[in-house]
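If you want the building blocks of each chain, they are given just below.
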Amino acid sequence: MRLNKIIYASAIVAASLATTGCSNWLDVNQNPNYPAEVPMEQLLPGIEVGAGYYGMAWDNLFYCGVYNQYFAQAQGASQFKSTERFENEDFAYTYRNYLTSVLSEAQRLKSGVSENSPYAMIAELISVFCWQNIVDTWGGVPYTEALNPTIFEPAFDKPEDIYADLINRVDDVISNISAGFYEGAINGTYDFVFGGNLDNWSRFANSLKLKLAHRLSNTDAYNNAGLLSFVESASFLETNAMIKQSTWSSKAGKMYPADEYENGSYFNKNINASRSIVAYMEGDPRLEAVFTKVDGAVLGRLQGSYDTEGKYSQVNLAGIVKNIPLISVWEVDFDIAEIYLISGNMAKAKEYYEKAVAASFAYWNLSGQETVVTDGYAKWQDNKEEDFKNICLQRWASFLFTQHAEAFFEINRTGYPQVSGITEASALDDNFPKGMLTQPICGTVVGNRRPQSLLIPAAYVQGLNSNAPTRQSDITRKIFWQK
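Worth saying up front: this structure is predicted, and the values here are computed from it rather than measured.

Chemist: Before we go on, may I ask you to explain the overall build of the protein chain in this structure?
Modeler: Scanning the protein chain from terminus to terminus reveals 19 helices and four strands. Against the 2.2 N^0.38 benchmark of 23 Å for 483 residues, the protein chain shows a C-alpha radius of gyration of 22 Å, consistent with a compact globule. Referenced to the eigenvectors of the C-alpha coordinate spread, the extents of the protein chain come out at roughly 65 × 50 × 45 Å. In the protein chain, which comprises 483 residues, the proportion classed as buried is 61%. Sequence separation of 24 or more characterises 74% of the internal contacts of the protein chain that already satisfy a separation of 6 or more. Entry remark: accessible area of the protein chain is about 18,100 Å², with carbon and sulfur atoms responsible for 45%.

Laid out in structure tokens, this is it:
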């Protein structure tokens with residue numbers, strides 16, 4: 001079966017998941033061969049929830065959680081041993097579902113409403129958001145021809161070209177908003193992200209453009225002066241664009257993804273807190289919001305020490321906040337802080353850095369961020385190099401159990417946290433390198449390198465499409481924007 005036949009057939013199945021209201025946005029009790037006809041606007045909840053769900057479901061939740069060294073493989077289990085060793089992964093689950101569920105349904109919604117409908121606008125923005133995640137994960141993929149059911153072997157596009165087109169698409173939406181092109185309102189019942197607030201969607205568009213443009217900071221396409229002008233003239237998110245905790249239910253298929261997996265005891269049996277994130281955030285109340293305590297403290301396991309006995313902290317799954325951000329306020333503010341830092345405006349960089357940390361604390365219903373940024377472990381230094389590091393490390397901390405894929409991308413864009421050269425467990429125990437990642441003490445299949453991109457999924461691309469490039473031999477191939 002050709003790739004696009006798979007995509008098209010799966011899109012029909014995905015259509016059966018289209019919503020008819022908040023209570024059944026993921027109703028799988030329909031015949032997938034005969035999806036119910038629903039008004040186009042009722043496709044929106046499934047598109048929005050899918051964009052969030054698959055961003056923090058199996059691949060990004062667990063594999064990126066290990067890559068980012070939020071999680072370590074627990075002793076006595078083996079589910080993520082190969083992940084800690086950086087053996088090959090392809091994230092096929094995420095690739096399949098972004099394409100066959102979210103992007104296919106977003107295209108269906110755009111095609112089913114007038115081009116000046118605000119539903120078309122939201123569908124376009126979520127499409128761009130998902131494509132950005134796809135390119136940042138795999139690099140060059142089928143894009144221009146990917147969702148055309150008449151093309152069985154779509155061409156692969158260069159990631160640079162896809163990014164340029166994504167920025168153009170967002171620019172078109174922003175221009176249309178400015179020109180008053182979109183007419184009508186959004187039924188808040190169907191908008192799970194902003195409840196029909198179109199001003200917030202306008203801010204989402206600006207924030208998405210900021211993210212795309214800023215991701216290119218290591219390339220010749222980056223223009224900090226132009227981006228600074230955009231920052232100072234546009235309005236950005238002041239409330240998180242997210243799928244809220246109230247969306248989830250206790251019904252299978254509608255649960256918060258981490259809760260869904262805990263039915264198989266993946267957190268209880270397989271996951272400990274990583275010492276890397278625990279050592280960096282020591283004493284930070286956000287750490288205690290995510291992980292349980294052992295003898296009164298959060299205790300992290302060394303990466304790759306799954307043969308070592310001992311009791312270590314686990315995810316506090318019953319107590320964590322269970323939203324899924326698409327774009328967070330802190331993400332935006334960290335990017336703005338970095339842009340100001342590059343421009344030399346230290347005062348504004350500090351302002352947005354502190355705003356970002358405060359927004360992260362607010363997400364976890366915490367206060368006291370001053371203990372981090374004013375006189376704490378990540379205090380602003382008024383030094384470009386040190387404060388760039390502060391921004392990067394606090395971004396890493398803020399993405400813990402909120403945006404694991406974004407953390408993976410940003411580590412690879414900035415080079416922070418850096419990777420320590422210490423590989424001996426005893427040396428790590430004696431003098432753990434705070435604010436750094438560590439090489440797993442079990443060793444890796446790629447030496448001292450870390451994952452940079454994922455393999456092209458074999459089940460959905462490789463072997464089904466003669467246009468597919470030769471599959472790389474490991475997951476350290478860099479994407480064009482990476483440091």
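Picking up where we left off.
Chemist: How should the packing of helix α17 (residues 384-398) against helix α18 (residues 404-414) be read in this particular structure?
Modeler: Two elements in contact, α17 and α18, have axes separated by 9 Å at closest approach and are oriented at 160°. Regarding the angle of α17 to α18, the classification is roughly antiparallel. Crossing angle aside, the handedness with which α17 passes α18 is left-handed. The segment α17 lies against α18, with Phe388, Cys392, Arg395 and Trp396 engaging Glu410, Ile411, Arg413 and Thr414. Classifying every residue of the contact of α17 with α18 by side-chain character gives four nonpolar, one polar and three charged.

Chemist: So what exactly am I meant to see when it comes to the environment of Leu125 here?
Modeler: With respect to the helices, strands and loops of the structure, Leu125 is situated in helix α6 (residues 118-138). Leu125 sits in the buried class, given a relative accessible area of 0%. Ignoring anything within four residues of it in the chain, the contact list for Leu125 reads Val173, Trp201, Phe204, Ala205 and Leu208.

Chemist: Before we go on, may I ask you to explain the nonpolar core in this structure?
Modeler: A general feature of soluble globular proteins is that nonpolar side chains tend to end up buried together. Formed by 152 residues in total, the largest nonpolar core has its most connected members in Trp131, Phe204, Phe267, Phe291 and Phe401. No other element matches α6, which puts 14 residues into this core. Excluding residues that lie within four positions of it along the chain, Trp131 makes contacts with Leu99, Leu103, Val141, Pro142, Tyr143, Ala146, Leu147, Leu166 and Arg169.

Chemist: Even after reading the chapter, I still don't get the side chain of Lys211, so can you show me in this structure?
Modeler: Assignment of secondary structure puts Lys211 in helix α8 (residues 198-215). When neighbours within four sequence positions are excluded, Lys211 is seen to be in contact with Phe129, Gln132, Leu326, Ile327, Glu331, Asp335 and Glu406.

Chemist: Help me understand the environment of Asn316 in this model?
Modeler: Tracing the backbone shows Asn316 in the loop between α13 (285-290) and β4 (324-327). On the basis of relative accessible area, Asn316 is assigned to the partly exposed category, the value being 24%. Excluding residues within four positions of it along the chain, Asn316 makes contact with Ala289, Val290, Phe291 and Thr292.

Chemist: How should I be thinking about the environment of Ile391 in this particular structure?
Modeler: Turning to its location among the elements, Ile391 is positioned in helix α17. For the pair Ile391 and Ile336, spaced 55 residues apart in sequence, the C-alpha separation works out to 10 Å.

Chemist: What is the right way to look at the pattern of salt bridges in this model?
Modeler: Opposite charge on two side chains allows them to pair when their charged atoms are near. Inspection of the entire model under this criterion finds 24 salt bridges. The partner of Lys110 in a salt bridge is Glu124, and the shortest N-O contact between them spans 2.6 Å. Here Lys110, found in helix α5 (residues 92-112), pairs with Glu124, found in helix α6; they are 14 residues apart in sequence, far enough to count as distant. A residue is classified by how much of its surface remains accessible, and Lys110, at 27% relative accessible area, is partly exposed. Classification of Glu124 as buried rests on a relative accessible area of 14%.

Chemist: What is the right way to look at α17 in this model?
Modeler: Because the α-helix completes a turn every 3.6 residues, residues three or four places apart line up on one side. Here α17 is 15 residues long and its end C-alpha atoms lie 21 Å apart, about the 21 Å a rise of 1.5 Å per residue gives. Looking only at α17, the buried set comprises Asp387, Asn390, Ile391, Cys392, Leu393, Gln394, Arg395, Trp396, Ala397 and Ser398. A distance of 3.1 Å separates the backbone nitrogen of Glu385 from a side-chain oxygen at the start of α17, and that oxygen is part of Asn383.

Chemist: So what exactly am I meant to see when it comes to the packing of aromatic side chains here?
Modeler: Inspection of every chain in the model, using the stated rule, returns 38 aromatic pairs. Between Phe62 and Tyr261, the aromatic rings sit 5.6 Å apart at their centres with planes inclined by 55°, giving tilted as the arrangement. Of this pair, Phe62 sits in helix α3 (residues 58-67) while Tyr261 sits in helix α10 (residues 257-262), placing them 199 residues apart in sequence. When the ring of Phe388 is compared with that of Tyr416, the centres are 5.8 Å apart and the planes differ by 75°; the resulting orientation is edge-to-face. Linking Phe388 in helix α17 with Tyr416 in the loop between α18 and α19 (425-430), this pair joins segments that are 28 residues apart in sequence. A residue is classified by how much of its surface remains accessible, and Phe388, at 21% relative accessible area, is partly exposed. Above the face of the Phe230 ring, Lys209 is positioned so that its terminal group lies 4.6 Å from the ring centre. Over the ring of Trp481 we find Arg215, and its NZ or CZ is 5.4 Å from the ring centre.

Reading guide: rules and limits
Residues numbered from 1 in each chain as written. Predicted model: local features only at pLDDT ≥ 70, side-chain atom pairs only at ≥ 80, totals over all residues. Heavy atoms only, no water. Helix = DSSP H or I, 4+ residues; strand = E, 2+ residues; numbered from the N terminus. Rg over C-alpha atoms; globule rule 2.2 N^0.38 Å. Buried < 20%, exposed > 50% of the residue type's maximum accessible area, 1.4 Å probe, protein only. Contact = heavy atoms within 4.5 Å. Areas by Shrake-Rupley, 256 points an atom, 1.4 Å probe, with all protein chains shown as cover. Axes fitted to C-alpha atoms, helices over the stretch in contact; angles between N-to-C directions. Parallel < 35°, antiparallel > 145°, perpendicular 65-115°, else oblique. Left-handed = near helix turned anticlockwise from the far one by under 90°. Nonpolar A, V, L, I, M, F, W, Y, C, P; charged D, E, K, R; others polar. Core = buried A, V, L, I, M, F, W, Y, C linked by side-chain atoms within 4.5 Å. Salt bridge = Lys/Arg side-chain N within 4 Å of Asp/Glu carboxyl O. Expected span 1.5 Å × (residues − 1). Polar contact = N/O pair within 3.5 Å; in protein donor to acceptor, adjacent residues only side chain to side chain. Phe/Tyr/Trp six-rings, centres within 6.5 Å; stacked < 30°, edge-to-face > 60°. Lys NZ or Arg CZ within 6 Å of the ring centre and 35° of its normal.

Read these as layout, nothing more, since geometry by itself doesn't imply function.
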